[in-house]
Amino acid sequence: MSVTTTIGPSGKYLVCRVDEPVTAEVVFEMIRQLDELADQTGIRHRLIDPRGMPNMMSVAANYDLAYKDMEELKIDRSTKIASLRLPTDTVDDFASTAIKNAGYNLRMFSDEAEAIAWLEED
């Protein structure tokens, strides 16, 4: 899988870059890598960058991710999650709405600097 996870330059957030179409398996790998690095570093906030990669998950799979999978994976609802998208991309609107409605602190950004500023807020 082409998922790369690092610590952001300020040390206040983790970065996960995705270089392949987004499937459930890719999402689970992102979460696994981010959780592992968060456990090692204590850094909880996350910047996810799948820009240009299509979401291949069905509406039902996106719903299950928000209301079932993230709960089972014990994703902390207080963790800030910034997800980047291309300015013209609306394909993840349902997924992001479902995740937010399930109580997770997710925001979508088309501007990386704005996403980082939000993650670095105290």
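In this text, all values refer to a predicted model and were calculated from it rather than measured experimentally. Numbering of residues begins from 1 in every chain and follows the order in which that chain's sequence is written. Only residues with pLDDT of 70 or above have their local features reported here, since the model is predicted, and side-chain atom pairs are shown and tallied only from 80 upward, although totals for entire chains, interfaces and linings are computed over all residues. In computing side-chain properties, one takes all heavy atoms of the structure into account and sets aside hydrogens as well as water.

Novice: Can you walk me through the overall build of the protein in this structure?
Specialist: Note on conventions: DSSP H or I runs of at least 4 residues are helices, E runs of at least 2 residues are strands, and numbering of each starts at the N terminus. In terms of regular secondary structure, the protein is built from four helices and five strands. Secondary structure of the protein in N-to-C order comes out as β-β-α-β-α-β-α-β-α. Projected onto the principal axes, the alpha-carbon positions of the protein cover approximately 35 × 30 × 30 Å. Only protein chains enter the accessibility calculation, which uses a 1.4 Å probe; a residue whose area is less than 20% of its type maximum is buried, one above 50% is exposed, and one in between is partly exposed. For the protein, the proportion of its 122 residues judged to be buried stands at 43%. Total accessible area computed for the protein in this model is approximately 6,500 Å², and 51% of it derives from carbon and sulfur atoms. When charges are counted, Lys and Arg contribute as positive and Asp and Glu as negative, whereas His and the chain ends are disregarded. A charged residue contributes its charge at one atom only: NZ of Lys, CZ of Arg, CG of Asp or CD of Glu. For the protein, the separation between the mean place of its 13 positive charges and that of its 22 negative charges on side chains is 4 Å. Surface accessibility in these figures is a Shrake-Rupley result with a 1.4 Å probe; residues are shielded only by whichever protein chains are displayed.

Novice: I'm lost on the packing of helix 2 (residues 59-72) against helix 3 (residues 93-101) in this one. Help?
Specialist: Two packed helices can be described by the angle between their axes and the distance between those axes. Relative to each other, helix 2 and helix 3 sit at 25°, their axes nearing to 9 Å. The pairing of helix 2 with helix 3 is recorded here as roughly parallel in orientation. Between helix 2 and helix 3 lies a crossing of right-handed hand. Residues V59, N62, Y63, L65, A66, Y67 and M70 of helix 2 touch helix 3, and the partners they reach there are F94, A95, A98, I99 and N101. Axes here refer to lines fitted to C-alpha atoms; in helices the fit is confined to the stretch in contact. Angles between the N-to-C directions go from 0 to 180 degrees. By the definition adopted for this analysis, an angle is roughly parallel if under 35 degrees, roughly antiparallel if over 145, roughly perpendicular if from 65 to 115, and oblique otherwise. Helix crossings get a hand from a simple test, with the near helix turned counterclockwise from the far one by less than a right angle marking a left-handed crossing and a clockwise turn marking a right-handed one. It only takes one pair of heavy atoms within 4.5 Å for two residues to be counted as in contact.

Novice: Would you explain the pairing of strand 4 (residues 80-84) in this entry?
Specialist: In regular strands, side chains alternate between the two faces of the sheet. A large share of strand 4 lies buried, amounting to five of its five residues. In strand 4, alternate side chains face the same way, and those of K80, A82 and L84 on one face and I81 and S83 on the other are all buried. A crossover gets the label right-handed when its path from the first strand over the helix to the second runs clockwise, viewed with the strands pointing away from the viewer. Viewed along the sheet, the connection from strand 3 (residues 46-49) through helix 2 into strand 4 turns out right-handed. By definition, two strands form a pair when at least two bridges between them are found by DSSP. The pairing of strand 4 with strand 5 (residues 105-109) spans five bridges and is parallel. Its bridge partner lying in strand 5, A82 is registered against R107.

Novice: Please clarify how helix 2 should be interpreted in this entry.
Specialist: The periodicity of an α-helix, 3.6 residues per turn, causes residues three or four positions apart to be oriented the same way. In this model, helix 2 (14 residues) spans 19 Å end to end at C-alpha, consistent with the 20 Å of a helix rising 1.5 Å per residue. L65 marks where helix 2 bends most, by close to 50°. Within helix 2, burial applies to N62, L65, A66, D69 and M70. Its buried side turned inward, helix 2 meets helix 1 (24-41), strand 4 and helix 3. A positive backbone phi angle near 60° is found at K74, which sits one or two residues after helix 2. A helix is expected to span 1.5 Å for every residue after the first. By definition, a residue's bend is the angle between the axes fitted to the seven residues ending there and the seven starting there.

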